[in-house]
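Descriptive analysis of the structure
Okay, here's what each chain looks like letter by letter:
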Protein chains: 2
Amino acid sequence: MADADPIARLVHRLGRLPGIGEKSAMRLAFHILRAPEAEARELARAIIEVHEKIRLCSTCCHLTERDPCDICSAPRRDRHTVCVVAQPTDLLALERGGHYRGLYHVLHGVLSPLDGVGPDDLRIAALMRRLGPAEPDSQVHEVILATSPSVEGEATAMYLARLIKPLGVKVSRIASGVPIGGELEYVDQVTLTRALGDRREI
Amino acid sequence: MADADPIARLVHRLGRLPGIGEKSAMRLAFHILRAPEAEARELARAIIEVHEKIRLCSTCCHLTERDPCDICSAPRRDRHTVCVVAQPTDLLALERGGHYRGLYHVLHGVLSPLDGVGPDDLRIAALMRRLGPAEPDSQVHEVILATSPSVEGEATAMYLARLIKPLGVKVSRIASGVPIGGELEYVDQVTLTRALGDRREI
């Protein structure tokens, strides 16, 4: 099939999505072709719509249709606590948990010098504005650093802790350890060591 | 996230594609959101375009922009041989092999009574027109039945063989056996039995 072919073009476009190889792209393309035209149009419209309608919340940098976002403007959330996450998907994962009632701040990445991601590439300035003296009615008492316990996530958390602590705001880090329901036998050594080191008296 | 949300809508639409679960759909949606808008528009356009531009070749029922398709209109192909396949993807797989120089016929499915797929749901009438007496200048000497060696594929091949043989056209079936490069040890019993039964003198 020539590259000028609409099917080849769709396969090529689908193959650029993460986790979609050549064979999956082919399968998806033929599925789209076989599906009713209305369904294909709906998919195309949904793809364009996220770009047209979704922006960043000017307060917490989460993805939203309305600014401020639903979480920042919810009257019942605890405005004293801000949970810092790397990505919007992390925020959604925490919200699915359903127990956290504070606010969030989305960094849109983690520090990663090898990939050329420095502090200016993350939404750190916006976070500091929420906490800093420039915001005299700031009500934030605690910042929870909820980046992943990976090398980059830990480095980002350490970096933010050093920035935030001088402001007199309490800084905490999510716990690391053996996952609930996990088998000790299958947990990696680093996690086990951490779980032992961070043991709590009961 | 409300269902009226553009992201939720895109996740829902992507999740309807085959092999894309909820988590994959979410990952794809956020990738599309992070990608440049031009790239998202290209993907959306490619999805709509396959529906607008692709039709079935009136001769072989393969997907094509032009009718007759590139294969049916190629002057160098052997017009005496028609290879019958279930899906356009099967045709593409055979073409990738690069050794077959005849024509094709795409059934767009296989007989599957349990799923309610009968002979009228496949492009069998179009195949018979290519072979039948209504086409006095028909040059087809051999029909190769290249449906998969599954229950439905075999049944479809048997059904077609019974239809075509009375026309005086040679009918053949692709060989089944141990795949080239495959280890005997890992080949299933049915395939092994078939490979033994269909052994050839060398």
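Anything mentioned here points back to the structure above.
Everything quoted here is computed from the prediction, not taken from an experiment.

Rules behind the numbers
- Residues numbered from 1 in each chain as written.
- Chains lettered and ligands numbered in written order.
- Predicted model: local features only at pLDDT ≥ 70, side-chain atom pairs only at ≥ 80, totals over all residues.
- Heavy atoms only, no water.
- Contact = heavy atoms within 4.5 Å.
- Buried area = accessible area lost by both parts, 1.4 Å probe.
- Salt bridge = Lys/Arg side-chain N within 4 Å of Asp/Glu carboxyl O.
- Polar contact = N/O pair within 3.5 Å; in protein donor to acceptor, adjacent residues only side chain to side chain.
- Helix = DSSP H or I, 4+ residues; strand = E, 2+ residues; numbered from the N terminus.
- Nonpolar A, V, L, I, M, F, W, Y, C, P; charged D, E, K, R; others polar.
- Pairing = 2+ DSSP bridges.
- Right-handed = clockwise from strand over helix to strand, strands pointing away.
- Least-squares fit on C-alpha atoms with pLDDT ≥ 70 in both.

**Focus on the interface of chain A and chain B**
Each partner contributes to the interface: chain A provides 48 residues, whereas chain B provides 48 residues. Counting each side, the surface lost to burial between chain A and chain B is near 4500 Å², with a carbon and sulfur contribution of 72%. Looking only at chain A, the three residues that lose the most surface to chain B are A:Arg13, A:Ile47 and A:His51, adding up to 14% of its buried area. At the boundary of chain A with chain B, the tally comes to eight salt bridges. Here B:Arg16 ties to A:Glu39 by a salt bridge, and the two come within 3.4 Å at their closest N and O atoms. Where chain A meets chain B, there are twelve residue pairs in polar contact (both at pLDDT 80 or more). In terms of residues, the side of chain A that touches chain B owes the most to one element, helix α3 (residues 37-53) of chain A, which gives 15 residues. Residue composition of the side of chain A that touches chain B, grouped by class: 27 nonpolar, six polar and 15 charged.

**Things to note about the pairing of strand β6 (residues 170-173) of chain A**
All names here are of chain A. The pairing of strand β5 (residues 142-145) with β6 spans four bridges and is parallel. By the bridge assignment, Leu 145 is partnered in β6 with Arg 173. The parallel pair β5 and β6 is bridged by helix α6 (residues 151-164), and the resulting crossover is right-handed.

**Details of the relation of the copies chain A and chain B**
Rotating chain A by 180 degrees and moving it 0.0 Å along the rotation axis overlays it on chain B with an RMSD of 0.0 Å. Taken together, the turn and the small shift mark the pair as related by a two-fold rotation axis. Every residue of chain A has its C-alpha some distance from the rotation axis, and the shortest such distance is that of A:Ala44, at 2.1 Å. The overlap is high: 100% of the interface residues of chain A also sit at the interface in chain B, so the same surface is used on both sides.

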